[in-house]
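What follows is each chain in one-letter form.
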Amino acid sequence: MTMNHPGHDGGPQPDPRMLMEAGANPTWFGRVDPRNYLPAPGTAGPPGQLWLPALPARQRRGAGTLPLLITGGILAFASLLLTVPFLLGNTGVVGFGIGFIASLLPLSAVLLTVYLIDRWEPEPKRLLAFAFTWGAAVSIAGTLLIQPLFTLAAPRGSEEEFLFFMATVEAPIVEEFTKSLGLLLLLLLARKYFDGPVDGVVFAFTIAGGFAFTENILYFGREIAESTDPATDLVGIFILRGIMSPFAHAIFTGTTGLIMGFAARKWHTGYSVFAFVVGLLPAMFLHNRWNSMGADFLVQYVLVQVPIFLAAAVGIILLRVAESKLTRQRLLEYARAGWFSPVEVDMLATARGRRQAVRWAQGRGRKTQMRRFVRAATSLACTRQRILSGRDVHHHQADELRQLGEVPALRAAVLG
């Protein structure tokens, strides 16, 4: 593999805008500014040779996600010191235990959904763990600390008026703010892995799933501790929170994650913070509307909440389709450079192709190797999209060179 650079013979450097391939902007999902377009390694240079960009001898290397994980671990531990006593004080040991077990079912539904959404380009498990613990512990503790400030401003005319204010004003503002702070940290400190709307939805759903898990322990456990008919009341609230609305928090925070994910395409700190602020507004609004449902709950649930859920499902499907198209376009650019065949692109960039490839490899004892090949190709397509964003180009080109260097060995492992 020859390491050359365009113009290595002393000729002029090509204008990237003139090299931009047709179809390089497949959808609104991954639009590229022509000024940032760079040819895929291998698209230039003498015939029969693969061109790889010349990079500086030393590349800027950050500390990765370690600072984020250390910070998250410290905050989670400190948060548990506040959250666990609060839960036990409201539920008792028995209520806590039953509430914990009952809360696993709606949590499983949310995490299964995260898994299905995230299958195309899986996020690192360490970051998903950070997101979950942020939602389950840190955002809960943050809510408990900020909540007293709202009690000072709450109306005191009657207990009903006070509770309505806390449910429709305090809860949407404080809970969405504390949950979404975790998203902001992920976007700022793990930018390499948070670079699109699907990533935003995945991280938001995971944070929200953790938050709802802890909140459900409180609600379920409190029914056991305070009710005169705990079994009946537990079933009633479980139907409401565990069956009818396991995705409520996920949809609220998911809107913030979606907006922040689109902003992540800009790779700009200012856009990220602005998207955080803007993204809170629809999340707070949806949260407020949910908590405001009263005597006509069932009517509003059917006419408003169910359509919102269906719209969210359709939106996620469209995002996945766009992600597939983007992967295909970027891999086609590598294919034109000689790294993949057109047949391989169809296999790697479509859900059907992937399923067929895995089944074929499984019959030859190469299922694991095929999955690694698929993951590597998807990651490579994402790396190219980061390069075309125009920020930290040399840093991402270093990743690209490493990933391209692994492609032949991964292909050979599949073929045996």
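Residues numbered from 1 in each chain as written. Predicted model: local features only at pLDDT ≥ 70, side-chain atom pairs only at ≥ 80, totals over all residues. Heavy atoms only, no water.

(A) Inspection of the layout of surface pockets at higher detail. What the largest pocket holds in volume is close to 1,300 Å³. As for the largest pocket, its lining consists of 45 residues, of which Ala-167, Glu-215, Tyr-219, Arg-241 and Asn-291 are closest to the centre. Listed by contribution, the elements that provide at least two residues to the lining of the largest pocket are helix H2 (66-118), helix H3 (125-153), helix H4 (159-189), helix H5 (197-226), helix H6 (230-243), helix H7 (248-264) and helix H8 (269-292). The dominant element in the lining of the largest pocket, judged by the number of residues it contributes, is H5, at 11 residues. Grouping the constituent residues of the lining of the largest pocket by class yields 26 nonpolar, 12 polar and 7 charged. Each pocket or cavity is described by its volume, and for the second largest pocket that value is around 930 Å³. Along its surface, the second largest pocket is lined by 25 residues, and Tyr-115, Asp-118, Arg-119, Trp-120 and Pro-122 are the ones closest to its centre. (1 Å grid on protein atoms, 1.4 Å probe; cavity = no way out; pocket = protein on both sides within 12 Å on 5 of 7 lines; lining within 4 Å. Points joined across faces, edges and corners; volume = space filled by probe spheres on them. Helix = DSSP H or I, 4+ residues; strand = E, 2+ residues; numbered from the N terminus. Nonpolar A, V, L, I, M, F, W, Y, C, P; charged D, E, K, R; others polar.)

(B) Spotlight on the pattern of salt bridges. Taken as a whole and assessed by the stated rule, the structure comprises 11 salt bridges. With a closest N to O distance of 2.7 Å, Arg-386 and Asp-195 form a salt bridge. One end of the pair, Arg-386, is in helix H12 (residues 367-388); the other, Asp-195, is in the loop between H4 and H5, and 191 residues separate them in sequence. This pair shows no difference in class: Arg-386 is buried, exactly as Asp-195 is. Two residues, Glu-333 and Arg-330, come together in a salt bridge whose shortest N-O distance is 2.7 Å. Placement of the pair is Glu-333 and Arg-330 together in helix H9 (residues 297-336), with a separation of 3 residues, close to one helical turn. Glu-333 gets classed as buried once you look at its relative accessible area, which sits at 0%. Linked by salt bridges that have partners in common, Glu-121, Asp-195 and Arg-386 make up one network. (Salt bridge = Lys/Arg side-chain N within 4 Å of Asp/Glu carboxyl O. Buried < 20%, exposed > 50% of the residue type's maximum accessible area, 1.4 Å probe, protein only.)

These values are about where atoms sit, not about what they do.
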